[in-house]
Each structure stands twice: as structure tokens, then as C-alpha cells.
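# Residue-level structural notes
For reference, the chains in residue letters:
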Amino acid sequence: MFRIIAAVIGRDLKLAMRRQADIVSALFFFIIVVSLFPLGIGPEPELLRKLAPGVLWVAALLATMLSLPRMFADDHRDGTLEQLALAPHPLGLVVTGKVIAHWLVSGLPLALIAPVLGIQFDLSTDALLMLTGAILIGTPALSGIGAIGAALTLGLRGGGVLLSLLVLPLYIPVLIFGAGAVDATVAGLGGEGHLSLLAALTFASLGFAPWASAAALKIALE
Amino acid sequence: MLEADNLECVRGERRLFAGLGFKLEAGELLYLQGKNGSGKTSLLRMLIGLLPPEAGEIRWKGESIKSDEFRADLCYLGHLNAIKEELTPLENLLASAHLADEALSEDDALDALEQVGLAGREDLACKYLSQGQKRRVALARLVKEKRPLWILDEPFVALDIAAVDWLAGIISGHLQRGGLAVMTTHQLVDIPAGTVRELRLS
């Protein structure tokens, strides 16, 4: 079981390394969107501190959305998806591998760069740590939920817009608890409660989403 | 071994075929023939379990084909090559073997690539290969393939004459080992070994 997940992750990471433009463009999108806010709002530390969690999280959601349409589309176009569906394992395991690989190349870089961007919003060290932790814990849920949308819109013309309409509303809980964790830390209340809820969302979506995506992929392959 | 019973296929509003059945035993090859749009590829997709039939049933070794065991016995080659443009031929072969849970050593993979005439190009990304060479990378999977049921969709397309002969040899070797094969083709290629049966869709 772990062998197949590892094989899928290994292959997807190798492909991502050969096509670094995809990773870099999503990351730069995140950096630029977040950096525009302090420039547009002006140097008011009080206001920036208040806006920071929401801005960073919304930008993280949008940056994740950028790479979602390609999650299964490339494999579908060149016929690899058929072969994956015909492999002698449940398709859900294959999708689990793809979700983890997607997180490694889209969610993880966001978490690593977020504290640097947070400095522009005059966040304290505690808040920056909490921000990194929240993005680290919350983004796997984004990849998981996104996989369902990517599978459902596979092969549709104009699927990208439909994908956003399907997936963004489902991202709302992650946004609320993710931004809430940082907010609570800024207010001095401690964000651990929010983090626990975020972790619960991540585990639930990693357990459930691959199987729902697998069912949608089977329909797309008919 | 492979039995199809009373299959019916409906695509869109059209019924492509109904009441179709056949039985295939070890060492037998089934040639599917028919015009474009007669449902050859649909039938193949039913046989591999990706397209559920409107009616009827397909059995492998007496069991329904919905099991993981059936897929462990199946090797499918579609009209898409299922190779990654960014990876080299060698990496493609090894990756597809890993994902299908098959043991394939690097030496075996190199040997297979040499047999399909890609020696010296193992380390070149597939996007730099020609259409025919890409097809050869996809076909290289068959060289070391030990799974008993091969389902091939137009395997001879884009191949030159020498490669067609080579592939016919690979398929007859498979039949001699007691394997089964189902394939569609527009060019009737002589397969030297095994029992060849034909099914014409109209």
C-alpha cells in the first residue's frame, strides 16, 4: 500500500522538477499578491497587522487554485491516468499519492515563504510562527479538497472557472480556522484551538477526498 | 479464460452493438475488426473494465472483472502512449512498471529499449523523440511483460515495416507462452503462432 503511494509521489515529484516553471509561477503569484497589500494600504502597522492573516490565507487559497487544474489533466491527456486506473490497487491510493505530491510542490513552498512575507505586515515572532504552522497544517486540506474538484472537472472545456466555483466555497472552513489561528495569536489568546480544528480538517480531507476523487475519475474515464 | 456474454454498448443515443459474446482460451488471439465508429475501442474499454456495459457480463477465469486480481493479470495498451514527455524512455519504463506493481530491473528495461531500437536514446527526454519512437517506448513495455491478458488498441499504428514484424513476433511469443490477446487493427498482420480468431463489428 505504501509502496504504490511512494511510487506515485516519486514520479510526480520528478515530473515537477523537470517542469519547475509551474511551481515557481504559483509561488511568485503568492508573493506578489501578498506584497501588493502593504503597498496599496500604506504604512499603518495597526491596520496591516489586522489584515495580515486574511490576506495571506486568501492569497494561499488562490495560489493553490492555480496548480489544481493540472493535477490530473496531464495524466489524462497522455493516457497515463488510464494506466493508473488499471493498476492492481485501488485508485484511491494512487490519488492519495498525487495529493501528497501536489502538497509538496504547492503547499509546502507557501508555508516556507509565508513568514518572510508576514514581516511586511509587522507581525510579531509568535504570530509569524503560528502563521507558518497554520499554513503547514492547513494546506494539505486544500490539496485534498482541490483533488475532488480537479477530478470532477476533468476533461471539461472551461473547467478552470468551474473548478474555482466548486472548490473555493469548500475552502471556507480552512480559511476561517487558518486566519483565526493567526488572529488569535495577534490578540494574545493563543491559536492552538484553531490549529487543532485545522488539523482535523486536514485529516478528514486526506482520508475522504482521494476516494471521492477516484470515483469522479472513474466517471471521467468512461 | 476470458468470456463475454451478451454485451450491449450504447454511446450517446446510438446502440453500437448488442448480444455480443465470445470465449477466448489460453494461446488465442482475437482480432477485432470493423469500420471507424463501429465500437471496437468501446468494446476494448469494456474488456478492461473502464466502461461498464449497458447489458451483459465479462468474466476472467470465471470471476467478474471488477476485482484487483483481474487488473493484476491485465496489460492494456491504448491508442495513447501513456508516456511522460518530460521523462526519458528508461524512466518511463521503470515508472510504469513501479506503478503497475511489477518488478522490472534497470538491465531488463535497457534490454527492452534496445530491442525496440532505442539504444542510445535511453537518456533523452521523450519530447525529443518522433511519433514512431514514442510508440516504440510504449511498446517496449510488452517485451518483458509476463501478465497473461494483453489488450491492445491499434498496436501497429505509426510503426515502420520492421517494427510491425518485430511486434508480431512479440505477440506470437506471448501466445506461445499460453497468453491471451485481444487487439483491434486495420492492417491484418500475420501472427505466426497461436490460434487467431476474428470478430467483425458492424
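The numbering scheme is per chain: residues are counted from 1 as the chain's sequence reads. A letter from A marks each chain and a number from 1 marks each ligand, given out in the order of writing. Only residues with pLDDT of at least 70 get local features here, since the model is predicted, and only at 80 or more are side-chain atom pairs given and counted; chain-wide, interface and lining totals rely on the full set of residues.

## Some details on the overall build of chain B
Rules: The helix count covers DSSP runs of H or I at least four residues long, the strand count covers runs of E at least two residues long, and both are numbered beginning at the N terminus. What the globule rule says is 2.2 Å times the number of residues to the power 0.38, and the radius of gyration is computed from C-alpha atoms. Here exposure depends only on C-beta density: within 10 Å of a residue's C-beta, 20 or more other C-beta atoms make it buried, 12 or fewer make it exposed, and intermediate numbers make it partly exposed, the C-beta atoms being placed from the backbone. Note on contacts: residues are paired as contacts if their backbone-placed C-beta atoms lie within 7 Å.
Each helix and strand counted, chain B has 6 helices and 9 strands in total. Computed over C-alpha atoms, the radius of gyration of chain B comes to 17 Å, within 12% of the 17 Å expected from 2.2 N^0.38 for 202 residues, which places it in the range of a compact globule. Of all 202 residues assigned to chain B, the portion counted as buried reaches 38%. Within chain B, residue pairs in contact and separated by at least 24 positions form 67% of the contacts whose partners lie at least 6 positions apart.

## Things to note about the overall build of chain A
Counting its secondary structure elements, chain A contains 10 helices and 0 strands. Ordered by position in the sequence, the α and β elements of chain A form the string α-α-α-α-α-α-α-α-α-α. Computed over C-alpha atoms, the radius of gyration of chain A comes to 18 Å, within 12% of the 17 Å expected from 2.2 N^0.38 for 222 residues, which places it in the range of a compact globule. Expressed as lengths along the three principal axes of its C-alpha atoms, the size of chain A is roughly 55 × 30 × 30 Å. Residue burial in chain A is summarised as follows: out of 222 residues, 49% are buried. Counted over contacts in chain A with a minimum sequence separation of 6, partners at least 24 positions apart contribute 80%.

## Here we look at the nonpolar core
Here is the rule we go by: Note on definitions: a nonpolar core is a set of buried residues drawn from Ala, Val, Leu, Ile, Met, Phe, Trp, Tyr and Cys, linked by C-beta atoms within 7 Å. What counts as a domain boundary in this text is fixed by an automatic or database domain assignment.
Among the nonpolar cores identified, the biggest contains 121 residues, and Leu56(A), Leu131(A) and Ile151(B) are the most heavily contacted of them. The dominant element in this core, judged by the number of residues it contributes, is helix α7 (residues 125–152) of chain A, at 15 residues. Viewed by domain, this core spans two of them, domain 1 (1–73 + 147–202) and domain 2 (85–146) of chain B, each represented by three or more residues. Once you skip the residues sitting within four places of it in the chain, Leu56(A) turns out to touch Val34(A), Ala114(A), Leu117(A), Gly118(A) and Leu131(A).

## Describing unusual backbone geometry
Residues and elements named next belong to chain B. Even without glycine at this site, Lys 61 takes up a positive phi of about 50 degrees. Within the fold, Lys 61 resides in the loop between β4 (55–60) and β5 (63–64). Phi at Asp 101 is positive, roughly 65 degrees, even though this residue is not glycine. Among the structural elements, Asp 101 can be located in the loop between α3 (89–99) and α4 (106–115). Of the residues examined, Asp 101 has 15 C-beta atoms within 10 Å and is grouped as partly exposed.

## Re the domain arrangement of chain B
All names here are of chain B. The condition is simple: Polar here means any residue other than Ala, Val, Leu, Ile, Met, Phe, Trp, Tyr, Cys and Pro, which are nonpolar, and Asp, Glu, Lys and Arg, which are charged; Gly is therefore polar.
Taken domain by domain, chain B comprises domain 1 (1–73 + 147–202) and domain 2 (85–146). A straight line from the C-alpha centre of domain 1 to that of domain 2 covers 23 Å. Counting residues at the interface gives 8 residues for domain 1 and 9 residues for domain 2. Tallied by class, the residues present in the side of domain 1 that touches domain 2 amount to 6 nonpolar, no polar and 2 charged.

## Details of the sheet that holds strand β1 (residues 2–11) of chain B
Residues and elements named next belong to chain B. For clarity, the cut-off: DSSP-based pairing: two strands are paired if at least 2 bridges between them are found. Comment: axis = line fitted to C-alpha atoms, over the contacting stretch for helices; angle = value between 0 and 180 degrees taken between N-to-C directions.
Across the sheet, which stays open at both edges, the 4 strands sit in the order β2-β1-β4-β5 with antiparallel pairing between neighbours. This sheet does not close on itself; its edge strands, each paired only once, are β2 (14–24) and β5. In the packing of helix α1 (residues 40–47) onto the sheet, contacts are made with β1, β2 and β4, and the angle to β1 comes to roughly 130 degrees.

## Observations concerning helix α1 (residues 2–18) of chain A
Under the convention used in this document: Multiply 1.5 Å by the residue count of a helix minus one, and that product is the helix's expected span.
With 17 residues, α1(A) ought to run about 24 Å at 1.5 Å a step, and its terminal C-alpha atoms sit 24 Å apart, in line with that. Buried residues belonging to α1(A) abut α6 (91–119) of chain A together with α3 of chain B.

## Digging into the pairing of strand β8 (residues 180–184) of chain B
Residue and element names in this part refer to chain B. In terms of residue burial, β8 counts as a mostly covered element, since 5 of its 5 residues are buried. Of the two faces of β8, the one holding Leu 180, Val 182 and Thr 184 and the one holding Ala 181 and Met 183 are both buried throughout. As defined by bridge partners, strand β3 (residues 28–34) adjoins β8 across 4 bridges and the pair is classed as parallel. By the bridge assignment, Tyr 31 is partnered in β8 with Met 183.

## Details of the interface of chain A and chain B
The interface is formed by 21 residues belonging to chain A together with 22 residues belonging to chain B. Elements supplying a minimum of two residues to the side of chain A that touches chain B: α1 and α5 (80–86) of chain A. The biggest single contributor to the side of chain A that touches chain B is α1(A), with 7 residues.

## Brief notes about the confidence of the model for chain B
Residues and elements named next belong to chain B. Where we set the bar: Each residue carries a pLDDT value, the predictor's own confidence for that position, ranging from 0 to 100.
When the pLDDT values of chain B are averaged, the result is 86; 100% of them are 70 or greater. For chain B, per-element mean pLDDT is lowest for strand β9 (residues 195–201), which scores 80, and highest for strand β7 (residues 149–153), which scores 91. Two summary scores accompany this predicted model of the complex, namely pTM at 0.91 and ipTM at 0.89.

## Examining the packing of α7(A) against helix α9 (residues 172–186) of chain A
Residues and elements named next belong to chain A. Test applied: Roughly parallel here means an angle under 35 degrees, roughly antiparallel means over 145, roughly perpendicular means 65 to 115, and every remaining angle is called oblique.
Here α7 crosses α9 at 170 degrees, and the two axes come no closer than 9 Å. When the interaxial angle is binned, α7 and α9 end up roughly antiparallel. Along the contact surface, α7 presents Asp 126, Ala 127, Met 130, Leu 131, Ala 134, Ile 135, Gly 138, Ala 141 and Leu 142, while α9 presents Val 174, Gly 178, Ala 181, Val 182, Thr 185 and Val 186.

## Some thoughts on the pairing of β2(B)
As judged from the 7 bridges shared by β1(B) and β2(B), these two strands associate in the antiparallel manner. Looking at β2(B), one finds that Ala4(B) is bridged to Phe22(B).

## Re the environment of Ser164(A)
Residues and elements named next belong to chain A. Here Ser 164 shows up in helix α8 (residues 159–170). Residue classification places Ser 164 among the partly exposed positions, given that 18 C-beta atoms sit within 10 Å. For Ser 164 and Ala 150, which are 14 residues apart along the polypeptide, the C-alpha to C-alpha distance reads 9.5 Å.

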